[in-house]
Structure formats: C-alpha cells, structure tokens
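Remarks on the overall topology
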Amino acid sequence: MSEAISNKDWADILVQALPYFKQYVGKTIVVKYGGNAMLNETLKAAVMEDLVLLSTIGIRTVLVHGGGPEINAMLEKTGKESKFINGLRYTDAETMEIVQMVLTGKLNKDIVGLLLQAGGKAVGLSGVDSGLLRAKKIDKDGVDLGFVGDVTEVHPEILETLLDKGYIPVVSTVALGEQGDMSRYNINADTAAAKIAVALKAEKFVQLTNVPGLLRDVNDPSSLISRLDHVAVPSMIATGVISEGMIPKIECNLEAIKGGVPRTYIIDGRVPHALLIEMFSDRGIGTMIV
C-alpha cells in the first residue's frame, strides 16, 4: 500500500502543473493511440481519463487510433492470413471490408463508449465522414499493396466544428479515394494522425506506443533519448539507432514538424497516465522530436 500524499504535496503538484495548464488551454493536440498500446484494459481506462481531463480543462483534443492486433484477430477468425509488405498490411478487397468493419464499426465505437463512461463528450468518425481524409493508392517500389492508401487531402472542418463544441473527435483511419474514386483505403494511423495534426495547426502531436520512446540501445530501457533534434535523424537511421518500426514513427513526427507542429512526442502508453505526465510536468516521458 502506497503512502498517502500530504496536502502540501498535492498543492505543490497542482502549482507545478498550473503553467502547463495555461500554456495549452485553447490549443489543439492530436494523440495517436496505437493498436498494441490499446490491449491492456486498465491502461486503456487511464488513457481515457487523461483525454477527458485534457478536454474538460479546455485543451482541444483529437484522438486518432489504429487497430492492428484486432484486425489480425478478426482475419484469423475468418481464416484469412495477415500479410505485410515493407511494414504495410497487404489489403485486398475482402481484407479492406474487415479493416473497415473492425476500425470504424467496433474499435471506434468502443473507444467512444469508454470516453463517455469516463465523463467526456466524444464523437466517432472515420476518414470517410465529411470527406475528412482523401487518399490515393500507394505504389511503393512497384509492389501492389491492394487498398492501402496515402493521404492526399485533409478536410478538417468537421473536426473543428466538434472541437468548438467541446467534443473529443475519435478518428479511425479509413479514407475515401480522390475525386472519382469511390474505393476505401486503409491508411497507416501514424501517417494519418500526423497529417491531421498539420491540418489543425496543432500545438502537439503525441504518439502513444508500446515502447519507452527512441532507445540508443533497444535492449537497454535506460538508453532512452529524451530529446531529438530532427536534423540528427538521417545519421541515426544510417547508423541503425533508428531502425525497423521506429523509422516510420519518426518520419511521421518529421512530417508534422515540417508542416508547422512545434513539438512531437513518442511516449510509452504502457505507463499509467503517461499523457498527463508528459503534458503537465517537467519530468518528460518518452522522446520529444523538435
């Protein structure tokens, strides 16, 4: 049993958090919630509480979610193999139906329900709704990935309307094709979240993942790189410090920075209330890319 926090300690915590409250109230943040970081129900509940608190004090909060593990599970139930090419899910027409069903039909509404239970106001959307996300088929190195798309347009008006009314928009990353293309496309959630952050002129873009952040040595959690200047990224990729699945995450942060987002973060969604620690303390948690 942990020791009770004294009244003075509580007061000190709130006083230390006050400048951060003032800094972000009225500003927009975009949080990308990763599929693997969503698997623990207790941690998921803590994330929902964090998001509701941010929204309640007047921070305009958008949640963009993935759902890889849940999609894998549904494909397995239907006897369909999960296939990845260069880290992207091969998505034929049947797989696209399952992706859309899981992301927009189940996961999105589950998250909205959890936010409502936590006392928040939330509305679930997909990239198709109000033409939020438009995409074109990815042609990567001449390899056909099926209905996998790259975002070409973001129309954030529906998000602005919801944010103005105090709602937390919850976005699943299924997009509509460009004009004349009625196909649906599976979009990488990190990429979509970064582009939404740019379109909304967000103050922060935060990726909640299942790793501590960028590690200098992947086998040593104490080697966390807490602050990364974007100009150092190419050399760190060349030397292998940034490798495999961390490369697209860092690239999404760079895209957000290039688009005008001042600060981007990769933080560990397995730490209870990681989002509040990052937002309202000087401790920092994870990696900040500037």
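- The chain is annotated in an unreviewed UniProt entry as Acetylglutamate kinase of Teretinema zuelzerae.
- For the record of the chain, the UniProt heading Pathway (unreviewed entry) holds the text "Amino-acid biosynthesis; L-arginine biosynthesis; N(2)-acetyl-L-ornithine from L-glutamate: step 2/4."
- Quoted verbatim from the Sequence similarities (unreviewed entry) field of the UniProt record, the comment on the chain reads "Belongs to the acetylglutamate kinase family. ArgB subfamily."

1. Regarding the UniProt feature "site: Transition state stabilizer" (unreviewed entry) in the chain
- UniProt's entry tags K32 and K249 with the feature "site: Transition state stabilizer" (unreviewed entry), counted in the numbering of this structure. What stands out for the annotated residues spanning 218 residues is how close their C-alpha atoms remain, the widest pair being 10.7 Å apart.
- Its location among the elements puts K32 in strand β1 (residues 28-33).
- Those residues within four positions of K32 in sequence are excluded, and the remaining contacts are V64, A189, D190, A193, F205, V206, Q207, L208 and K249.
- There is a polar contact of 3.4 Å between the side chain of K32 and the side chain of D190.

2. Regarding helix α2 (residues 41-56)
- Spanning 16 residues, α2 covers 22 Å between terminal C-alpha atoms, matching the ideal 22 Å at 1.5 Å per step.
- Those residues of α2 that fall on the buried side of the exposure criterion are L43, K44, A46, V47, M48, D50, L51, V52, L54 and S55.
- One or two positions beyond α2, positive phi appears at G58, with a value near 100°.

3. Digging into the side chain of H65
- By the secondary structure assignment, H65 is in strand β2 (residues 60-65).
- Overall, H65 belongs to the buried group, its relative accessible area being 0%.
- Within the structure, H65 has its side chain in polar contact with the side chain of N108 (distance 3.2 Å).
- With near-sequence residues (within four places) excluded, H65 lies in contact with Y33, M38, L103, L107, N108, I111, V170, V171, S172, T173 and A189.

4. Points about the pattern of salt bridges
- Scanning the model with the defined rule gives 14 salt bridges in all.
- A salt bridge links K8 to D12; the nearest nitrogen and oxygen atoms lie 2.9 Å apart. You can see K8 and its partner D12 sitting in helix α1 (residues 7-24), four residues apart, about one turn around the helix.
- Overall, K8 belongs to the exposed group, its relative accessible area being 57%.
- For E94, the salt bridge goes to K80, with nearest N and O atoms at 3.6 Å.

5. Quick notes on the layout of surface pockets
- What the second largest pocket holds in volume is close to 520 Å³.
- Along the wall of the second largest pocket there are 14 residues; nearest its centre are I13, A17, L276, F280 and S281.
- Sorting the residues of the lining of the second largest pocket by element identifies α1 and α9 (274-280) as the ones contributing at least two each.
- When residues in the lining of the second largest pocket are grouped by element, the largest group, seven residues, is from α1.
- By residue class, the composition of the lining of the second largest pocket is ten nonpolar, two polar and two charged.

6. Considering the environment of A189
- With respect to the helices and strands, the residue A189 is situated in helix α6 (residues 189-199).
- Put simply, A189 and K32 are 157 residues apart on the chain and 7.3 Å apart in space, counted from C-alpha to C-alpha.
- Look past the residues within four positions of A189 in its chain and what remains in contact with it is K32, V64, H65, G66 and T173.

7. A word on the pairing of strand β7 (residues 143-154)
- Sheet analysis places strand β6 (residues 133-140) next to β7, joined by seven bridges and oriented antiparallel. Of the residues in β7, the one forming a bridge with K137 is G149.

8. Quick word on the packing of aromatic side chains
- Applying the stated criterion to the full structure yields two aromatic pairs.
- For the ring pair F147 and Y185, a centre distance of 6.1 Å and an interplane angle of 45° mean the geometry is tilted. Placement of F147 in strand β7 and of Y185 in strand β10 (residues 184-186) is noted, with a sequence separation of 38 residues between them.
- For F147, a relative accessible area of 28% puts it in the partly exposed group.
- We note K83 situated over the ring of Y90; from NZ or CZ to the ring centre the distance is 5.1 Å.
- The ring of Y167 carries the charged tip of K121 above its face, separated from the ring centre by 4.4 Å.

Definitions and cut-offs
- Residues numbered from 1 in each chain as written.
- Predicted model: local features only at pLDDT ≥ 70, side-chain atom pairs only at ≥ 80, totals over all residues.
- Heavy atoms only, no water.
- UniProt positions renumbered as here; feature names shortened; annotations may be inferred.
- Helix = DSSP H or I, 4+ residues; strand = E, 2+ residues; numbered from the N terminus.
- Contact = heavy atoms within 4.5 Å.
- Polar contact = N/O pair within 3.5 Å; in protein donor to acceptor, adjacent residues only side chain to side chain.
- Expected span 1.5 Å × (residues − 1).
- Buried < 20%, exposed > 50% of the residue type's maximum accessible area, 1.4 Å probe, protein only.
- Salt bridge = Lys/Arg side-chain N within 4 Å of Asp/Glu carboxyl O.
- 1 Å grid on protein atoms, 1.4 Å probe; cavity = no way out; pocket = protein on both sides within 12 Å on 5 of 7 lines; lining within 4 Å.
- Points joined across faces, edges and corners; volume = space filled by probe spheres on them.
- Nonpolar A, V, L, I, M, F, W, Y, C, P; charged D, E, K, R; others polar.
- Pairing = 2+ DSSP bridges.
- Phe/Tyr/Trp six-rings, centres within 6.5 Å; stacked < 30°, edge-to-face > 60°.
- Lys NZ or Arg CZ within 6 Å of the ring centre and 35° of its normal.

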